[in-house]
Amino acid sequence: MYNRSLAKIHDESYAHLAEGAANFLRKINPPIRGPLVDLGCGAGNLLAALSDLIEVAYGFDLSPDMILRAKAKNPGFNFGVANLFDVRIPPAQVVTMIGEILSYACHGETNPSKSVVPFLNRIRTQLQDGGILLFDVLTDIRDYNYHHSGEEATWTLLMNSTQAGDEVTRKLTIFQKEPESGLYAKTTEYHHLKVFQNEQMTQWLTDTGFEVVPMQAYAESALPAGRIAYYCRKA
């Protein structure tokens, strides 16, 4: 998932939400200082945007190609390839999961509370008093049967999203121009995600011991339809 072609496209053309989340965190008072743990860090854009504030940071992602990009962009931070629920979360002031990370991790689970609630407890345990958890997921406020396309000079992306119950499947077809030959290489990826109920997620967070503010934007960066962000403080 997020192989070389899609990692490059996502890094260079779809980084606005990570940057929006960084802008949101910049406005928090008192200012954040870290450590910051970015779960599902992708190409490291959020950490790069906060590198002037944070001295210690950790990024984890399932995609080796994303981690290579994150390391190149943030040579002073710590990165690893890992499944979300397998990460040994370091002590932190801030934990982030930007870009439907929890929805990806819970796909196929008939009772996601068995994974989510213990995981939220693990995060809370590792957060400083008053520490911050910031993340977003797909929620049940929209239908996810739709098409999306995007293109730039060297690539075209076609995405077909289908929904069955609380499961979403995205078929992504990428045509990437090869720099040497000038020919286009085709790759296909299938992404599977869980849809959560907003009220249920808010309840899980509250029961875990967080003060929760649901949001539909990170600073000036609006979230795509159906996605909700949660700004949480350790109570």
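Further up the page is the structure itself.
Figured I'd write up the structure that's included with this text.

1. Thoughts on the overall build of the protein
- Along the backbone of the protein there are seven helices and 13 strands.
- Its C-alpha atoms give the protein a radius of gyration of 17 Å, near enough to 18 Å, the size a compact globule of 235 residues would have.
- The principal-axis extent of the C-alpha atoms belonging to the protein is close to 55 × 40 × 30 Å.
- For the protein, buried positions account for 49% of its 235 residues.
- Within the protein, residue pairs in contact and separated by at least 24 positions form 64% of the contacts whose partners lie at least 6 positions apart.
- For the protein, the exposed surface amounts to about 11,000 Å²; the carbon and sulfur share of it is 50%.
- Placing the 21 positive and 26 negative side-chain charges of the protein at their respective mean positions leaves the two points 3 Å apart.

2. Section: the sheet that holds strand 8 (residues 167-177)
- An order of 6-7-8-9 is seen for the four strands of this open sheet, with the pairing classed as antiparallel. If you trace the sheet from one side to the other, it starts and ends with strand 6 (146-152) and strand 9 (184-194), each paired once. Strand-to-strand twist of the sheet, defined as the mean angle between neighbouring strand axes without regard to direction, takes the value 15°.
- Pairing of strand 6 with strand 7 (residues 155-164) involves seven bridges; the strand directions are antiparallel. Bridging across to strand 7, Tyr-146 finds its partner in Ser-161.
- Each of strand 6, strand 7, strand 8 and strand 9 is contacted by helix 1 (residues 4-13), which is oriented at about 90° to strand 8, the strand it contacts most.

3. Focus: the environment of Ile-54
- Looking at the secondary structure, you find Ile-54 in the loop between helix 3 (45-49) and strand 2 (57-61).
- On the accessibility criterion, Ile-54 (4% relative accessible area) is buried.
- Taking the C-alpha atoms as reference points, Ile-54 and Gly-20, separated by 34 residues in sequence, lie 17 Å from one another.
- Leave out the neighbours within four places in its chain, and Ile-54 touches Ile-32, Arg-33, Gly-34, Leu-36 and Phe-77.

4. Notes on helix 4 (residues 64-73)
- Looking at helix 4, one finds that the buried residues are Met-66, Ile-67 and Ala-70. Axial view of helix 4: buried residues confined to an arc of 95°, hence all on one face. Exposed and facing more than 90 degrees away from the buried side of helix 4 are Leu-68 and Ala-72.
- Packing partners of the buried residues in helix 4 comprise helix 1, strand 2 and strand 3 (78-81).

5. Thoughts on the packing of helix 1 against helix 4
- Contact pair helix 1 / helix 4: the axes reach a minimum separation of 8 Å and the direction vectors enclose 45°. Judged by the inter-axis angle, helix 1 sits oblique to helix 4. For the crossing formed where helix 1 meets helix 4, the hand is right-handed. Contacts from Arg-4, Ala-7, Lys-8, His-10, Asp-11 and Glu-12 in helix 1 reach Asp-65, Met-66, Arg-69 and Lys-73 in helix 4.
- Looking at the contact of helix 1 with helix 4, its residues break down into two nonpolar, one polar and seven charged.

6. Some points on the side chain of Thr-208
- Examined against the element boundaries, Thr-208 turns out to sit in helix 7 (residues 198-208).
- Note on Thr-208: relative accessible area 8%, which makes it buried.
- Within the local environment of Thr-208, its side chain forms a polar contact with the backbone oxygen of Trp-204, the two atoms lying 2.7 Å apart.
- Every residue in contact with Thr-208, bar those within four places of it in the chain, is listed here: Leu-120, Asn-121 and Arg-124.

7. Describing the pairing of strand 3
- Where strand 2 and strand 3 come together, four bridges link them in parallel fashion. Pairing of Gly-59 across the sheet is with Phe-79, part of strand 3.
- A crossover connection joins strand 2 to the parallel strand 3 through helix 4; in handedness this β-α-β unit is right-handed.

Calculation rules
Residues numbered from 1 in each chain as written. Predicted model: local features only at pLDDT ≥ 70, side-chain atom pairs only at ≥ 80, totals over all residues. Heavy atoms only, no water. Helix = DSSP H or I, 4+ residues; strand = E, 2+ residues; numbered from the N terminus. Rg over C-alpha atoms; globule rule 2.2 N^0.38 Å. Buried < 20%, exposed > 50% of the residue type's maximum accessible area, 1.4 Å probe, protein only. Contact = heavy atoms within 4.5 Å. Areas by Shrake-Rupley, 256 points an atom, 1.4 Å probe, with all protein chains shown as cover. Lys, Arg positive; Asp, Glu negative; His and termini not counted. Charge placed at Lys NZ, Arg CZ, Asp CG, Glu CD. Pairing = 2+ DSSP bridges. Axes fitted to C-alpha atoms, helices over the stretch in contact; angles between N-to-C directions. Arc of directions from axis to C-beta. Parallel < 35°, antiparallel > 145°, perpendicular 65-115°, else oblique. Left-handed = near helix turned anticlockwise from the far one by under 90°. Nonpolar A, V, L, I, M, F, W, Y, C, P; charged D, E, K, R; others polar. Polar contact = N/O pair within 3.5 Å; in protein donor to acceptor, adjacent residues only side chain to side chain. Right-handed = clockwise from strand over helix to strand, strands pointing away.

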